[in-house]
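Results of the structural survey
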Amino acid sequence: MGWFRLGVRLTGFVAFLAATTMLAAGLRLTELATGKPIDRTPWAGFCFRWACRCLGLDIHQHGSPSDSTVLFVSNHISWLDIPILGSLAQVRFLSKAEVGQWPLIGWLARQAGTLFIRRGGGQARRVRSQIMENLGAGESVLVFPEGTTSAGLTVLPFHGLLLKAGPDSNTPVQPVTISYRRAGRPDHLAPFIGDDEFHTHLLRMLQQPSARVDVIFHTSVDPAVETGTGDLSRRLRELILDGLARTHRGELDQGDDCPIRTAGDPERPRLPSLHGGRQSPGQSTV
């Protein structure tokens, strides 16, 4: 059964990548032909939703992403976090520079407007300025302040420098908790850690039954500019950690208090409309 599941899902995922590549190329050619930039955010959301369907993820959403511009802050467990969160909220991601070097995936990430950061070299301050630009332009941005992925059992300490982009730009910060489980227990397959490679991790996930993914959009916090980086980091981490503990205890499984969205819902993702718009700061034109 596992090999049959792998064959079906892998075929769907390869077809999805081919279609997404053609879509990204088509948008770029349209920009060149019309001379007008295209807002890729709704298109990215459409592709992220289809990616989650191809990956067979069972996504349950608790709470809602803010309708206004916010700095999203989430714990980080896997590369899967990006299509999952991108399917639920219109957001630009901050990712490590290595992802930009992945064949095809890196190019697609750049086309979706992902911001990349390389460890060391003092790039964090430059990236924080870029995030503030995007927030000022009305684009929500999501960062993973742990700086790396974890096994999903806890939340690692936060690096606070990038978090200051929120209060420094007078933008609320919305914490987000993401967790993966199988049979009610933390999933040991979803974490993308250590020396794991993308293609081997992808094949393992495609071969196994669907993982349950819980995403909690906590209430936004509105920190003052003078809020210390350490205090803000601790407050956000505590909220996200509490959400992780609640999902591991199964408190949200019934969904009595929170709206739930499941990726397996038969409703198809809607195709965004094609329209021109102002090019966002740092938007890729490659």
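This text follows the structure it describes.
Attention in this report is confined to the structure presented alongside it.

Cut-offs applied
Residues numbered from 1 in each chain as written. Predicted model: local features only at pLDDT ≥ 70, side-chain atom pairs only at ≥ 80, totals over all residues. Heavy atoms only, no water. Phe/Tyr/Trp six-rings, centres within 6.5 Å; stacked < 30°, edge-to-face > 60°. Helix = DSSP H or I, 4+ residues; strand = E, 2+ residues; numbered from the N terminus. Buried < 20%, exposed > 50% of the residue type's maximum accessible area, 1.4 Å probe, protein only. Lys NZ or Arg CZ within 6 Å of the ring centre and 35° of its normal. Expected span 1.5 Å × (residues − 1). Arc of directions from axis to C-beta. Contact = heavy atoms within 4.5 Å.

**So, the packing of aromatic side chains**
Evaluation of the coordinates by the stated rule reveals 4 aromatic pairs. Aromatic side chains phenylalanine 72 and phenylalanine 217 sit 6.2 Å apart centroid to centroid with 70° between the ring planes, which places their arrangement in the edge-to-face category. Here the residue phenylalanine 72 occupies a position in strand β2 (residues 71-74), and phenylalanine 217 occupies one in strand β8 (residues 212-217), the gap between them amounting to 145 residues. One exposure class covers both phenylalanine 72 and phenylalanine 217, and it is buried. Taking 4.8 Å as the distance between ring centres and 65° as the angle between the ring planes, the aromatic pair formed by tryptophan 79 and phenylalanine 198 counts as edge-to-face. Within this pair, whereas tryptophan 79 is found in the loop between β2 and α3 (81-88), its partner phenylalanine 198 is found in helix α7 (residues 198-207), the two being separated by 119 residues in sequence. With respect to burial, tryptophan 79 and phenylalanine 198 carry one shared label: buried. The cationic tip of arginine 53 hangs over the ring face of tryptophan 50; the distance from NZ or CZ to the ring centre is 5.2 Å.

**As for helix α5 (residues 123-136)**
The first and last C-alpha atoms of α5 sit 20 Å apart over 14 residues, in line with the 20 Å expected at 1.5 Å per residue. Here α5 has its buried residues at Val127, Arg128, Gln130, Ile131, Asn134 and Leu135. Projected onto a plane normal to the axis of α5, the buried residues spread over an arc of 160° and lie on a single side. For α5, exposure combined with an orientation more than 90 degrees from the buried face picks out Arg125 and Gly136. The inward-facing, buried residues of α5 contact β2, β3 (92-96), β4 (115-117), β5 (141-143) and α6 (165-168). Note on α5: the residue one or two positions beyond its end, glycine 138, has a positive phi of about 85°.

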